[in-house]
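Here is how the chains run, residue by residue.
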Amino acid sequence: MESYAIRTHELTKSFGSILAVNKLNLKIPYGKTYGLLGPNGAGKTTTIRMLNGIISSNSGEIYITDKDIKSHEKYVKMISGFLPESPGLYQKLSAREFLIFIGELYYLPKSVIISRVEELLELFGLSERANDLLEGYSRGMKQKVCLCAALIQDPQIIYLDEPTSNLDPAIARMVKDLIKELVVRADKTIFICTHQLDVAQELCDQIGIINNGILKIEGSPTEIIENTGAKNLEDAYLKVMGVSKMEDLLSWRENGEFNKKVVTSGKGKVKKRKRVVV
Amino acid sequence: MEPEYESQVNKRKLWLTIAKNEIKLRTSSFRNNRKRFFIFSYLILILWAFIIAPLLFDSFMPTIAAQNAGIFKPVVALLIESFMMILFLIILMLPLNNVYNKDEKGVKESLVASPVLARDIFLGEFLGKLPLYTFAVLIFAPIVVGMINPIIDLTVIQYIIIYTCAFGLVYFANLIGSLISSWLEHKILKSESARDWGKALIMILTIVMVIMMYAVIFFINEILMNPELKNWLSFYPSLWFSNIILYGIDPLLLNSYILNIWFSIGLAICIPLMILYLSYKKAHVFYSLEGISTKSTSVTKQGRNFYSMINKLAGRKFGGLVIVQMKLFLRKKANLARIAYVLGSVGFMAWFTSSTMDDYKGLILSSSILIVLGGLVSSIMLGHLIFINTKDIIWVYKKSPRGIKGLVYSYLLNMLVIGIFISLFITILHSLFAKIGLLDAVIFFSLFLAYIPISMLQSIGLQCLNPAFGEKDSNMKSNSIISMLIMQPAIMMPIFFLIFFNPETVLMMRIVMLAPVFIFNILVGTILLYIGMKKLNKIE
């Protein structure tokens, strides 16, 4: 049987009556970058949480490096790094303290933690403010600290939920380059959830588009574009998801109160709306 | 797993890491001098506990004990019991206060994604708080010791028992508080309404605490004469611990209780340990992100008639805005608890003032004070909430043609509507307690209702000057303190003018006592609101 970094079989998760992920089958080889695309509420974050062992599935199986997550949860957590969608940090710790704490949670030896923390702080340009409390950090800086935390134990598989969404262009570029380097030089497997199609197209070897918990299409960016007969990935995404026609979007202007013109009094107060032909 | 880490995995106790982190979090203000902070604080507290407090209490307690020899022992017993009851509630509420730190919510995801087990998180967070809670023990236990010392010469064993009971009580309260807060955090991740329930819970506990304090102050004679009344509270944990201390003073003090010394010792040891063990084993129920996106709170169409009535009363210009304000206000359970707090505290005042005044003059004075206190409590508890969670919405108002006025006036009208219900409730209570006639009740209702928005003017004005967008903002505290200071003359005015003018007729009494208060508050409130709104309009 072929070996995969991440493999799921008929993975299903529901919250009450809401089916968040429906029979998801993924096969992600070692050393590849996989991008899961989809609109808000499509099931991306639920998928990434199940793959990390943060939440359990209702049915189906997850194998990380061919080990069943149910019986090897601790191992899976040890070899996985995770960047959550919203930067979760203890506001009353400094960046250095927080990273040391995370390092200790992953059982890293003290000496390794210290050197890794300094390396990562330096890499992400946080060294100068490493002793400041995180409550004073901007959203982008917090995102960087979270990225450092995701990489601290040098994980074999890295899960990134919207990795560049809060970053300025220079740091976003650096993160994208870092992801490429991690794959090429360190043979890491990277799983990205994102809305940013350009990020997915640039970084991902394979892409899956998910909607309402169902994986609609999967393949390399080029394959997806070809299979959907689209011009580019954005066009392909829109074709897979389906979009409203422009005339539908503005139909409300044809009728109703908004066709009335605003008439003001001398003092600038709104007196009434007069109906006008658009 | 790489072999070099395997031994570490087996050796490392993650609950210890979490506990250390918890200490770091709670002492972040001293992060450069944590060790010195602890050494210095403990030195001072030990000095207080074993030298200063005994000297202080020995200087006056023996005299009090000698003067009140007959009742000293039961009074001290009651004071220790009530003191420990209140302490239990205070310590229980402390972890709840940290639940609402929204920014730390996301960190849970990172924690659960790491190899740390839920029970390690629970145990670590619980143990990490203990060094700080020990401060509370070292502050309060010497007070208990100081009260007992004039009755019996405490031996070393008795000292140890008292301190053990104090530690047990504080740690158990912390355990219960941590459990409730963890459960709430778990619920918060599922739904925002849990956050609201948590706040309501804190308000309810505060109300319980205030009731306990009042009960001890006002019903001390009844409790002393009927000690068996406390059997109703046998389930309350602090009594298990205080019983052990009371037994040390005099075994007869426990005679009227269901819980004898052996039951008390059994409960004080077994229940906390059992809860700690069960919580440790079942921690995964609290520390899980399962079901995170399941629950959203949907609104029902209940109260449509009520809102339609409000819409008509507020008029076309403000109807819609007032309804929005009212929905925002009433959908928060914490605000309902606040209204209950206002009703409870002013209702108690209604009972207290009417029971202490026996002639008509006294009755008018008591109703005037009640009107002023009602305005003060409503203004502080409700008026200051105008900008809570409106940091982003404020720009929506500012951009709209109505401007900030739309927000301020609609909130004021909303408070007037809520004021109708508060006034009605207090009027009923006041009428029952003071046995007043219909006309007096109508006058009282009208004046009470009129004074609520008048007193709100200054709290809303202060908020406009210095807005607090969160309940824990420092602005909230400073505005509330300023509010209380401004209201001080208003509380004193009725008594002062009554003595100064000594009016003869009822009408003159009302005018002399209330007119200056109303004028004072209208003037101060209008000026503050005017300046505040000017400032708020320039907010950038």
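Note: the structure precedes this text.
Draft legend 1. Region of interest: the side chain of B:Asn414. The residue B:Asn414 is located in helix α17 (residues 403-434) in this model. Once residues within four sequence positions are removed from consideration, B:Asn414 is found in contact with B:Val322, B:Gln325, B:Met326 and B:Phe329.

Draft legend 2. Spatial organisation of the sheet that holds strand β10 (residues 214-219) of chain A. Residues and elements named next belong to chain A. Ordered in space as β6-β7-β8-β3-β9-β10, the six strands form an open sheet in which the pairing is mixed. Edge positions in the sheet fall to β6 (80-83) and β10, since each of these pairs with one other strand and no more. For this sheet, the mean inter-axis angle between neighbouring strands, taken without regard to orientation, is 15 degrees. Contacts between helix α5 (residues 139-151) and the sheet are confined to β6 and β7 (157-161), with β6 contributing the most and set at about 170 degrees to the helix. Sheet strands in contact with helix α6 (residues 169-184) are β3 (33-37), β7 and β8 (189-194), and its direction is about 150 degrees off that of β8.

Draft legend 3. Highlighting the pattern of salt bridges. All names here are of chain A. Evaluation of the coordinates by the stated rule reveals 14 salt bridges over all chains. A salt bridge links Asp132 to Arg129; the shortest N-O distance between them is 2.9 Å. Judged by relative accessible area, which is 30%, Asp132 ranks as partly exposed. Here Lys180 and Glu202 are joined by a salt bridge, their closest N and O atoms 2.9 Å apart. In this pair, Lys180 sits in helix α6 while Glu202 sits in helix α7 (residues 197-203), placing the two residues 22 residues apart along the sequence.

Draft legend 4. Expanded view of the state of the cysteines. All names here are of chain A. Here the structure, examined in full by the defined rule, presents zero disulfides over all chains. The thiol of Cys146 is not disulfide-bonded; the next cysteine sulfur, from Cys148, is found 9.0 Å away. For Cys146, a relative accessible area of 2% corresponds to the buried category. Left unpaired, Cys193 is separated from the closest cysteine sulfur, that of Cys204, by 9.9 Å. Judged by relative accessible area, Cys193 falls into the buried class, the value being 0%.

Draft legend 5. Representation of the interface of chain B and chain A. Taken together, the contact pairs 33 residues of chain B with 33 residues of chain A. On inspection of chain B and its partner chain A, the count reaches one salt bridge. Residue A:Glu97 is joined to B:Arg34 by a salt bridge in which the shortest nitrogen-to-oxygen separation is 3.0 Å. The tally of links between chain B and chain A comes to three residue pairs in polar contact (both at pLDDT 80 or more). Where the side of chain B that touches chain A is concerned, the elements lending two or more residues are α1 (3-11), α2 (14-26) and α5 (107-113) of chain B.

Conventions and cut-offs
- Residues numbered from 1 in each chain as written.
- Chains lettered and ligands numbered in written order.
- Predicted model: local features only at pLDDT ≥ 70, side-chain atom pairs only at ≥ 80, totals over all residues.
- Heavy atoms only, no water.
- Helix = DSSP H or I, 4+ residues; strand = E, 2+ residues; numbered from the N terminus.
- Contact = heavy atoms within 4.5 Å.
- Pairing = 2+ DSSP bridges.
- Axes fitted to C-alpha atoms, helices over the stretch in contact; angles between N-to-C directions.
- Salt bridge = Lys/Arg side-chain N within 4 Å of Asp/Glu carboxyl O.
- Buried < 20%, exposed > 50% of the residue type's maximum accessible area, 1.4 Å probe, protein only.
- Disulfide = S-S within 2.5 Å.
- Polar contact = N/O pair within 3.5 Å; in protein donor to acceptor, adjacent residues only side chain to side chain.

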